[in-house]
Amino acid sequence: MYGQQKNETEFYNWFDENLGSENSILFNGTRPSENTKSKDGSHKYYMSPAFISGNIVYRDQPFFNTPIKYDIHEDEIIINLTSGTKSSIIKLIKANVQRFTLQNKQFIQIEDSEQMFLVNGFYEVLFESPDLSLYKKHHKTKKERIVHKEVYTDYKEEDVYLMQRLGKYHAISNKNDLIKILPEHRSSINKIKKKQK
């Protein structure tokens, strides 16, 4: 199975290399704005403001070893496509990104028209099963301030957890939220909370 996956990855890489990035469906989006300065060294990206090699599924097509930046403030994916000596930095059309992987962490796009204000966006997959799934929404809020007539933007991470049970999504911020979703496990949840703080 591993050999089959490796051959598939090699085939896609070979195909993309021969097609050329300028002819790829990834070459479809807008130019991101990168003009903010931070006073405290913070940034709006997941892990690093530098591009990280990852995999992405875009319009049902997989792309491997793609330089990716995940903007967790705007919830957008930015890629760096290289063709010869030319480099193009593109903010992908969000609706076309189904999933991506960065440093062995898997992210999926969740869309739910009934709960769109609670749910829609990219989530890290922490646990997934048909009955119960747990996701983490990486998010950063920004604070702008003026220092000596210059505008600085600092970012602070405020993650959100989401549980999917029986087809419905629930936000989790504390023990009581978890007990509401899983009342039959109240005693186990209390024991774990007491033990783990």
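Each chain has its residues counted from 1, following the order in which its sequence is written. Only residues with pLDDT of at least 70 get local features here, since the model is predicted, and only at 80 or more are side-chain atom pairs given and counted; chain-wide, interface and lining totals rely on the full set of residues. As a rule here, side-chain values cover all heavy atoms of the structure and leave hydrogens and water aside.

Asker: Please explain the pairing of strand E7 (residues 105-110) as it appears in this structure.
Answerer: Each regular strand shows side chains that alternate between the opposite faces of the sheet. Here a strand pair is declared whenever DSSP counts at least two bridges between the two strands. Think of it this way: any DSSP run of H or I at least four residues long counts as a helix, any run of E at least two long counts as a strand, and we number them from the N terminus. Pairing analysis gives four bridges linking strand E6 (residues 97-102) to E7, with the strands arranged antiparallel. The partner of Arg99 across the bridge, within E7, is Ile108. In textbook terms, the turn of a hairpin is the stretch between consecutive antiparallel strands, and for E6 and E7 this stretch comprises two residues, one of which, Gln103, has a positive phi near 50°. Pairing geometry for E7 and strand E8 (residues 121-127), over four bridges, is antiparallel. Looking across to E8, one finds that Gln109 is bridged to Phe122.

Asker: I keep staring at unusual backbone geometry and nothing clicks. Help me out?
Answerer: When glycine is set aside, most residues are seen to have a negative phi, and most peptide bonds are trans. Even without being a glycine, Met47 presents a positive backbone phi close to 70°. Among the structural elements, Met47 can be located in the loop between strand E1 (29-30) and strand E2 (52-58). Throughout, exposure labels follow a simple rule: accessible area from a 1.4 Å probe, protein chains only, divided by the maximum for the residue type, with under 20% read as buried, over 50% as exposed, and the rest as partly exposed. Accessibility expressed as a relative area gives 47% for Met47, which makes it partly exposed. Of note in the backbone geometry, Asp75 takes a positive phi value of approximately 60° without being a glycine. According to the relative accessible area criterion, Asp75 is buried, its value standing at 7%.

Asker: Honestly, the packing of aromatic side chains in this entry has me stumped. Any pointers?
Answerer: Remark: the centre distance and the inter-plane angle together describe each pair of aromatic rings, the angle taken between the planes. When the centres of two rings from Phe, Tyr and Trp lie within 6.5 Å, Trp using its six-membered ring, the rings pair. Their planes under 30 degrees apart give stacked, over 60 give edge-to-face, and anything left gives tilted. One pass over the full model with this rule turns up eight aromatic pairs. Taken together, a centroid distance of 5.3 Å and an interplanar angle of 75° make the contact between Tyr70 and Phe100 edge-to-face. Of the two residues, Tyr70 is situated in strand E3 (residues 61-71) and Phe100 in strand E6; the sequence distance between them amounts to 30 residues. For Phe100, a relative accessible area of 2% gives the class buried. Both a distance and an angle decide whether a charge sits over a ring: NZ of Lys or CZ of Arg must be within 6 Å of the ring centre and within 35 degrees of the ring normal. Between Lys137 and the ring centre of Tyr123, over which it is positioned, the NZ or CZ distance is 5.2 Å.

Asker: Got a minute to help me understand the side chain of His138 in this structure?
Answerer: Structurally, the position occupied by His138 is in the loop between strand E9 (132-137) and strand E10 (140-147). Residue classification places His138 among the buried positions, given a relative accessible area of 5%. In terms of polar contacts, His138 uses its side chain to reach the side chain of Glu124, at 2.7 Å. We define a polar contact as two N or O atoms separated by no more than 3.5 Å, with the added condition that, inside protein, one atom must be a possible hydrogen donor and the other a possible acceptor, whereas residues neighbouring each other in sequence contribute only through side-chain atom pairs. A distance of 3.3 Å separates a polar atom in the side chain of His138 from a polar atom in the side chain of Glu157. Contacts were defined at the residue level, with two residues in contact if any of their heavy atoms lie within 4.5 Å. Sequence-distant contacts of His138, defined by excluding residues within four places in its chain, comprise Tyr46, Tyr70, Ile72, Phe107, Glu124, Glu157 and Asp159.

Asker: When you look at the side chain of Lys137 in this model, what are you seeing that I'm missing?
Answerer: Take Lys137: it is sitting in strand E9. In terms of polar contacts, Lys137 uses its side chain to reach the backbone carbonyl oxygen of Phe122, at 3.0 Å. Residues within four places of Lys137 in sequence aside, it is in contact with Tyr70, Asp75, Gly121, Phe122, Tyr123, Asp159 and Val160.

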